[in-house]
Structures are given as C-alpha cells and as structure tokens.
Amino acid sequence: MDTDGGGGGIMQHSMVDNVLPSAIYRPIVIFCIGLWGWGLNLYLLNKQHIDPAQLLLIHGVEKNSPLHQPIFGLATIATGLIICNVWWYNWISPWHWTPILCYVFAFLLVLWPGKNLYRKERERFIRVLRRILSPNLFSKVYFGDVILADILTSFSNVFGDLFSTCCSATTNENPCYRDVLVPLLISLPYMIRLRQCLSEYIDSGGECKRHLWNALKYASAFPVIIISASQKKADRYIAATGSVPSTWWVSDTGLFRLWMLFVFLNSMYSFWWDISMDWSLINVSASSRTTMMTSHAHQHHIRHYTTPIVRFRRHFHFNEAGLYYAAMIIDFLLRTTWSLKIGSHLYARRLAGSIFMMQLLEVVRRWVWVIFRMESEWVKRTMASLPTDNSTMLAMDPINNTGNTSGATSKLMPIREEEDDDNEDNTT
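Residues numbered from 1 in each chain as written. Predicted model: local features only at pLDDT ≥ 70, side-chain atom pairs only at ≥ 80, totals over all residues. Heavy atoms only, no water.

Considering the overall build of the chain
- Looking only at helices and strands, one finds 16 helices and 2 strands in the chain.
- Taken over 428 residues, the chain has a buried fraction of 47%.
- Of the contacts made within the chain by residues no fewer than 6 positions apart, 74% connect residues no fewer than 24 positions apart.
- Taken as a whole, the chain presents about 22100 Å² of accessible surface, with 64% of it coming from carbon and sulfur. (Helix = DSSP H or I, 4+ residues; strand = E, 2+ residues; numbered from the N terminus. Buried < 20%, exposed > 50% of the residue type's maximum accessible area, 1.4 Å probe, protein only. Contact = heavy atoms within 4.5 Å. Areas by Shrake-Rupley, 256 points an atom, 1.4 Å probe, with all protein chains shown as cover.)

Following this line, the structure appears as structure tokens:
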C-alpha cells in the first residue's frame, strides 16, 4: 500500500509524460487500467470454473452471460475516450481544460440514463457505491461491497493525485487546501473499510473479534497518511527557511523515521492478513503439549505449554500449487515497495515516472489479490470450510458465515435490487 499524503503533484518530464502530454491524464489512465484488470479478473476466474456472478450474487445482462464481457466493453469505451481526448489535446487544441473534459465525459458515461452503454453494470456500480459510502454502522455488508471497497484502497493515492493535478490545472496560485483535502481523499477508502469492519462486528453480536483486528489493519494506514502529509509540509518549510518551525514537536528526520516505522507495520500487517485471512493460505494453530520433568530430589513435575504451528492450506481450487506461492511472493514484494517510495520521497525529482509506476504496481497487486480472494471465497462456499491437517486448527471466520455455519445459506442472499432489475427487463 502506498499512502503518500502528498498526492503526487510533481510535474517532472519523464517517459510517462512523453506518452501522456499532461499529468492530469495520469489518474484516469490508472482508473482505466484498473477497469481492464477487473474484467481480466472476471475472465480468468470464469476460465478456472469459478463463477464470480454466484460469489457476488449478481447476474449478467443475459442468463449465463459472462460478467467480463460488459466490463471489457466499458473499458474499451473509456480507453477510446482517453485516446480521443489526448489526440485532441496534442493536435487540435492544447487548452489546459481539455484533459479535464475527459473526466467530465467519463462521469457522464457512468450516469448516462439511457438503456444502452451497459446500463445494468453502470447502475449496479452506482448501487454498490451508494451502499459503501453509507455511514450507517448497522447496515449489512455484502461480499461485493467488500471487494469494491478493498479495490478502492488501492486507488487511494490516485484520488489524491487527481485532486492535486486538477487543482494545478484550474487555479494559478494552486492552494485548494491541498494539505487537508488530499490526505482526506486518500483516507476515504480506508474509512469505508473501517466502517464495514465495525458493521460486521456489530452484526456478529460482538462475537467475531476477527473484524476488529481487520479494522485495526485499516486504521494503521492513517498514521502513514498523516505523517506523509506532514513530511511534504516539512519539505516546504525547509526549502523556504532551512528548517521546520521550532513549534513542531519533532524534526524532519524524526518524521521520516516515524513514517518508516508505521509504513513497515502497515505493510507487514496487511501482507499477513492477505495470506492468512483474505486468501486463507496459512493458518496458525495452537498445539498443547505436556512434559514430565524430574528434579534432583527425584520429584516429578508436569509442565504444560502451548506451541504455535503454522500450516499451509491443503485444499486448492487451482491445479498448480506454485501459483499460490508466486502470489504470496508478488504480494510481499509489492506490499513492500514502500522501500522504493522511501527513495522516491527523497529523490522524487530524479526518479522519472515514479508516481505513476507506484500507482500502477499497486493496481497490479490488487489484480492478484482479487483472484485469490475470490478463489478463497469459492472454496469456503463450495466446501463450507477450509480443512487442514489439524482438526484443532484455529477456525477461520468466513465473511459470509456470520451467525451461520453453512457457507451456502448465508446472510448474503440475492440483493433485492437485482431482482427488481430482472422484473424490469422482463416487462420492457
């Protein structure tokens, strides 16, 4: 996770800038790549005989229609929109407002009221977005809502980047309250997931502590965002006066060390959660053992102790076990790209395209995460559990099994809005 509170407003010339004539295009290109990636996720899952429609409890425009087809259609439209806008900016009118029109047209595409242009998918996205943005702690949390909210966390920096670049393009002095609004925008996806975790904990009647640990994971991103934003402000003070204000309780070096500490904690916690909870690949069991010790006085003492045992999941859906090891390695490497970000924070002006590459790598990591998160959920629902070699293993608490021991009959029943769509389609 890259939670740089600065939002990435640096306008350096780079290889990326040679392709994209304005930095304002960078966020919408990342969004478009993410859309292609979501379609690719759905396609690969379908090829591996995992039904994402059943997992997400939705259905396509037509019965038995793969979900990836309309997603690829929307991604194609978005790509064409970007290409046309870039061409217009390069060859017709290099007006500074032209790139912003690209976002306006994309926004209008999502809200288009007509029945064409994949209306069902667009309306479904708006419904899910409306649910995850609800601050109601007592609302139901659906599996599809969790998937979208987790995907949004990978785009958190892109939201900050979008605000910064649009602010730079539309104002001369470029204040825009960036020091406050950019960190808030970056924090929003983590706030959404934090609220969802608390809602799930409340829905479980306070019995499932796993949701609280998950909430702590998302809360650990906030210190990273706040300290990173403070670093940006400290850099401006140092550039102007040579040092941070004397009223600050910490020096710029202290800020950097704090940032390193919290990024390390967040990255390692998130990586462990990915492989042990989201993907259910590794489980930790508590093995109780008893030994008898004899003292010099020939007295026998019985000693009880508990040994943690780490085990790998036995049941896989994919045939190649190497895919799971590769996924863990990729997730670890891309989770820990914070080490590259340390260098880019110090030498951002020297590392051409570093902002774009960091954002793109996080999107790639999310593609991998979605594949194995859906695989894990599919195994849970088809097998009702994830058995291991040790029956006394600490049990997982599948997200869809709150208050129910059967994975097939969970609270994630078909969303009524989807049923209403079917009725509307049959009557028109």
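Notes on the packing of aromatic side chains
- Under the definition given, this model contains 16 aromatic pairs.
- For the pair W95 and W97, a centre-to-centre distance of 6.3 Å together with 35 degrees between the ring planes defines the contact as tilted.
- For W97, a relative accessible area of 34% translates into the label partly exposed.
- Between the aromatic rings of F316 and Y324, the centroid separation amounts to 4.3 Å while the plane-to-plane angle is 25 degrees, which identifies the pairing as stacked.
- Grouped by ring-pair contacts, the aromatic residues W279, F312, F316, F318, Y324, Y325 and F372 constitute a single cluster.
- In this structure, R366 packs its charged tip against the face of W369, placed 4.6 Å from the ring centre. (Phe/Tyr/Trp six-rings, centres within 6.5 Å; stacked < 30°, edge-to-face > 60°. Lys NZ or Arg CZ within 6 Å of the ring centre and 35° of its normal.)

Re the packing of helix α12 (residues 252-278) against helix α13 (residues 321-335)
- Running from N to C, α12 and α13 point in directions that differ by 160 degrees, and their axes come no closer than 10 Å. Our classification of the angle between α12 and α13 gives roughly antiparallel. Along this stretch, α12 crosses α13, giving a crossing that reads as right-handed. Here S267, M268, S270, F271, D274 and I275 of α12 come into contact with α13, specifically with M328, D331, F332 and R335.
- Among the residues making up the contact of α12 with α13, the classes are represented as 5 nonpolar, 2 polar and 3 charged. (Axes fitted to C-alpha atoms, helices over the stretch in contact; angles between N-to-C directions. Parallel < 35°, antiparallel > 145°, perpendicular 65-115°, else oblique. Left-handed = near helix turned anticlockwise from the far one by under 90°. Nonpolar A, V, L, I, M, F, W, Y, C, P; charged D, E, K, R; others polar.)

Focus on the UniProt feature "transmembrane region" (unreviewed entry) in the chain
- Per the UniProt record, the feature "transmembrane region" (unreviewed entry) sits at residues 24-45, 71-89, 95-114 and 255-273.
- Secondary structure content for residues 24-45 is 95% helix and 0% strand, while the C-alpha to C-alpha distance between its ends is 33 Å.
- Annotated as residues 71-89, this span is 100% helix and 0% strand, and its ends, taken at the C-alpha atoms, are 27 Å apart. (UniProt positions renumbered as here; feature names shortened; annotations may be inferred.)

A short note on the packing of α12 against helix α15 (residues 354-383)
- At a minimum axis distance of 10 Å, the contact between α12 and α15 shows a crossing angle of 25 degrees. By the angle between their directions, the pair α12 and α15 is classed as roughly parallel. Across the interface between the two elements, D274, M277 and D278 of α12 pack against R365, W369, F372, R373, S376 and K380 of α15.

Some points on the environment of V263
- By the element assignment, V263 lies in helix α12.
- In this structure, the C-alpha to C-alpha distance between V263 and V224, residues 39 residues apart in sequence, is 5.9 Å.

Here's the deal with unusual backbone geometry
- Phi at L117 takes a positive value of approximately 55 degrees, unusual for a residue other than glycine.
- Structurally, L117 is set in the loop between α5 (98-111) and α6 (119-132).
- With relative accessibility at 32%, the residue L117 sits in the partly exposed group.
- For Y118, which is not glycine, the phi torsion reads 60 degrees and is therefore positive.

With respect to the nonpolar core
- Counting residues in hydrophobic clusters, the biggest one holds 49 residues, and the most contacted among them are W38, I147, W279, F372 and M374.
- If you tally residues by element for this core, the top one is α15, at 10 residues.
- When near neighbours in sequence (up to four residues on either side) are disregarded, F372 contacts D278, W279, F318, L323, Y324 and A327. (Core = buried A, V, L, I, M, F, W, Y, C linked by side-chain atoms within 4.5 Å.)

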